[in-house]
Amino acid sequence: MKNESITLRKQPILKFLFNENNFEIVNNADKNDNGIYSYELLDSVELKKERTNWLISFLSMVVEVFTSSGLGDFYKEKNKLEIRHKKKHLRIILSESDLTQAELITRKLKIELK
């Protein structure tokens, strides 16, 4: 994999740059994700798609019944890309991002897992 760039979102920018020995993340929505990460230290990669968290949704409804607060609702977990690296555990929220490109990034990184 040589010098390839994949953009998941244009505003705020979320981009992955793939090089021979490492990959770089540029995430203007969360600067903590930014950095250059070695493939050798990559532990796992997982794309988690949006889903309903039934436990929190149920608890929210129970609170609603007892308090009549109007807060009871279904709780959805957002799409996110989880990258476990020996130096950092990244949870990149993929709001308004191209999920097809996120799947491509996931496949590329899984190929590099040692």
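A quick note: this is a predicted structure, and the numbers were derived from the prediction, not measured.

Novice: Help me get a handle on the overall build of the protein, residues and values and all.
Specialist: Scanning the protein for helices and strands turns up two helices and nine strands. Counting helices and strands in the order they occur from the N terminus, the protein gives β-β-β-β-β-β-α-β-β-β-α. In the protein, which comprises 114 residues, the proportion classed as buried is 31%. Summarising the internal contacts of the protein: among those between residues at least 6 apart in sequence, 51% fall at separations of at least 24. Of the accessible surface of the protein, which amounts to about 7,400 Å², a share of 51% is contributed by carbon and sulfur atoms.

Novice: Break down the environment of Thr7 for me, with residues and values.
Specialist: Following the sequence through the fold, Thr7 ends up in strand β1 (residues 4–10). Relative accessible area serves as the criterion here: at 32%, Thr7 is assigned to the partly exposed category. The residues touching Thr7, leaving out its near neighbours within four places in the chain, are Ile13, Leu14, Lys15 and Gln101.

Novice: I'd love a proper account of the sheet that holds strand β3 (residues 22–27), names of residues and values included.
Specialist: Strands in a sheet are paired, the pairing made by backbone hydrogen bonds, and the direction either parallel or antiparallel. Within the open sheet, the four strands sit side by side as β1-β2-β3-β4. Their pairing is antiparallel. Either end of the sheet is taken by a strand with one partner, and the two such strands are β1 and β4 (35–38). On average, adjacent strands in this sheet sit at an angle of 15° to one another, irrespective of strand direction. Both strand β2 (residues 13–18) and β3 contribute to a ladder of five bridges, which runs antiparallel. Across the sheet, the residue bridging to Leu14 is Asn27, located in β3. On the sheet, helix α2 (residues 99–112) packs against β1, β2 and β3 and is oriented at approximately 145° with respect to β1.

Reading the values: rules and limits
Residues numbered from 1 in each chain as written. Predicted model: local features only at pLDDT ≥ 70, side-chain atom pairs only at ≥ 80, totals over all residues. Heavy atoms only, no water. Helix = DSSP H or I, 4+ residues; strand = E, 2+ residues; numbered from the N terminus. Buried < 20%, exposed > 50% of the residue type's maximum accessible area, 1.4 Å probe, protein only. Contact = heavy atoms within 4.5 Å. Areas by Shrake-Rupley, 256 points an atom, 1.4 Å probe, with all protein chains shown as cover. Pairing = 2+ DSSP bridges. Axes fitted to C-alpha atoms, helices over the stretch in contact; angles between N-to-C directions.

Remember that the coordinates give geometry; whether it matters functionally is a separate question.
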